[in-house]
Amino acid sequence: MAGNTSADLSLMREFNESLVLNLIRQTGRISRTDIASHTHLSRSTVSSIVNDLLAANLVCEVGTGHSRGGRRPIMIEFNGQAGYVIGVDLGATHLMVLLSDLEAQAVVRVASPFVVEEGPKLGLERIAQAIEQALQEAGLGMERIFGVGIGVPGPLDFATGKPIFPPIMPGWHDTPIRERLRERLNKPVYLDNDANLGAIGEYWWGGGRGARNVAFIKVGTGIGCGLIIEGQIYRGEIGSAGEIGHTVIDEDGPPCRCGSAGCLETLAAAPAILHVAAEADPALASNGKLTILDLIEAAQDGHLLSRRLFAQAGRRIGTALTSLVNLLNPGIIVIGGGVARAGPFLLDPLRETVQQRALPVAVQGTRIVESQLGADAIAIGAVTTVLRELFSGPDLAVPTRPHVAVSQESLNPMS
Ligand SMILES: [Zn+2]
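Residues numbered from 1 in each chain as written. Predicted model: local features only at pLDDT ≥ 70, side-chain atom pairs only at ≥ 80, totals over all residues. Heavy atoms only, no water.

1. A closer look at the coordination of the zinc ion
Step number 1: His246 (ND1), Cys256 (SG), Cys258 (SG) and Cys263 (SG) make up the full set of protein donors to the zinc ion, lying at 2.0 to 2.3 Å.
Step number 2: The coordination sphere of the zinc ion comprises four donor atoms, whose angles at the metal cover 105 to 124°; the geometry is tetrahedral.
Step number 3: Written as a sequence motif, the donor residues of the zinc ion are H-x9-C-x1-C-x4-C. Separated by 10 residues along the polypeptide, histidine 246 in the loop between strand 13 (232-234) and helix 7 (264-268) and cysteine 256 in the loop between strand 13 and helix 7 bring together distant segments of the chain. (Donors = N, O, S within 2.8 Å, 3.2 Å for Na, K, Ca; no water. Tetrahedral: all angles 85-135°; square planar, octahedral: opposite > 155°, others 65-115°. Helix = DSSP H or I, 4+ residues; strand = E, 2+ residues; numbered from the N terminus.)

2. Details of helix 9 (residues 292-300)
Step number 1: Of the positions making up helix 9, those classed as buried are Ile292, Leu295, Ile296, Ala298 and Ala299. On an axial view of helix 9, the arc spanned by its buried residues comes to 160°, and they lie on one face.
Step number 2: For helix 9, the secondary structure elements touched by its buried residues are helix 8 (270-280), helix 10 (304-328) and helix 11 (344-357).
Step number 3: Of the residues flanking the end of helix 9, it is glycine 302, one or two places downstream, whose phi is positive at about 95°. (Buried < 20%, exposed > 50% of the residue type's maximum accessible area, 1.4 Å probe, protein only. Arc of directions from axis to C-beta. Contact = heavy atoms within 4.5 Å.)

3. Some points on the nonpolar core
Step number 1: In this structure, Val20, Ile24, Ile35, Leu53 and Leu102 are the most contacted members of the largest nonpolar core, which totals 44 residues.
Step number 2: Other than its neighbours up to four places away in sequence, isoleucine 24 contacts Arg29, Ile30, Ile35, Leu53, Val59, Ile76, Glu77 and Phe78.
Step number 3: Counting 43 residues, the second-largest nonpolar core is a separate cluster that includes Ile244, Leu284, Leu290 and Ile335. (Core = buried A, V, L, I, M, F, W, Y, C linked by side-chain atoms within 4.5 Å.)

4. Notes on the pairing of strand 11 (residues 214-219)
The two faces of the sheet receive side chains in turn, since in a regular strand these alternate between them.
Step number 1: For strand 11, the buried fraction is high: six of the six residues fall into the buried class.
Step number 2: Burial along strand 11 is two-sided: the face carrying Val214, Phe216 and Lys218 and the face carrying Ala215, Ile217 and Val219 are both buried.
Step number 3: Pairing between strand 11 and strand 12 (residues 223-229): six bridges, direction antiparallel. If you follow isoleucine 217 over to strand 12, its bridge partner there is cysteine 225.
Step number 4: Linking strand 11 back to strand 12 in an antiparallel pair, the connection comprises three residues.
Step number 5: Bridging between strand 11 and strand 14 (residues 332-336) involves five bridges; their strand directions are parallel. Paired with valine 214 across the strands is isoleucine 332, a residue of strand 14. (Pairing = 2+ DSSP bridges.)

See the structure below:
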């Protein structure tokens, strides 16, 4: 068992290192003595760990603190520029690559139009190129990158990193996005649903701060929802939780690309709003293809039809959110995505609907706010996912459950 002992010691050492590193990150600036008293580690263990962290450039020594008798202590600070992380927001019509430091501060953004319908072969190539462009603009080599997080606009199998019949990503079903990019970039890659990442971004750094139960609603080409429950992202059994866009709100409504009809998405997502607007007022589209930003500008300029359409979309989203509020009693609902830039034109009727329709006990503690991270929300959530993996340290308590595909064999206990 001697081998085991040494393995356990190195695991303990790794655990203590992440404990010390996280304490330095959280406090901002701290002395070795204070690290020892906070972590209950011995002074010599702390000194040796801090030396390792200094050698790895993850922390630096920054001047001296106040003396409590004796020598003034040297303060230790986290070095947020010790490395970088990339967050990718892959949308139906846009691609954004955000390069951030280790404190989730954006360094470079590369945004471009994107056509998800062109399929994965071209799409993955475009992602890799945009990442290379971001590195070039930041003047950094790939060796400075710790990992890449990616958000995709559809349901996926979180364990395998593959989209599962994503309605707005035709041709991407079962594509091993995570593996392909891992091979291409030679870095750890994390894949998640875009709304989940928006929820993580807003929960840590944006409008979701201050609550333990947070929903992020992304209103764009589709309508998705990321859920943080008791401080943890909730993905569901496979990873498809939060598909609020496919809540039926009109039994006799138009057909949806998911195969159902009258889904929220067919009545309140950007294409539905734009379709009605262009039909009702052809002058709106006189300069070519009408976009949601055009319509927001029209509403701000007093265009009544545009205002009415955002109000209608807001009420419909509010109707779906009423069920969410009754079911989950979230503390904060953050509304993001391109359509949320309509601000009060969308949010006021949305809030009113939820206030009027949800159970008073469920809604009294719920705040509905606009996204604070705006167009960065999903990319910052992707960055945060990588940072959390980086700084989580060895997971001593909770072993990862293996993903088991449900088949007849696995359902038969005798096989
Ligand atoms: Zn649907």
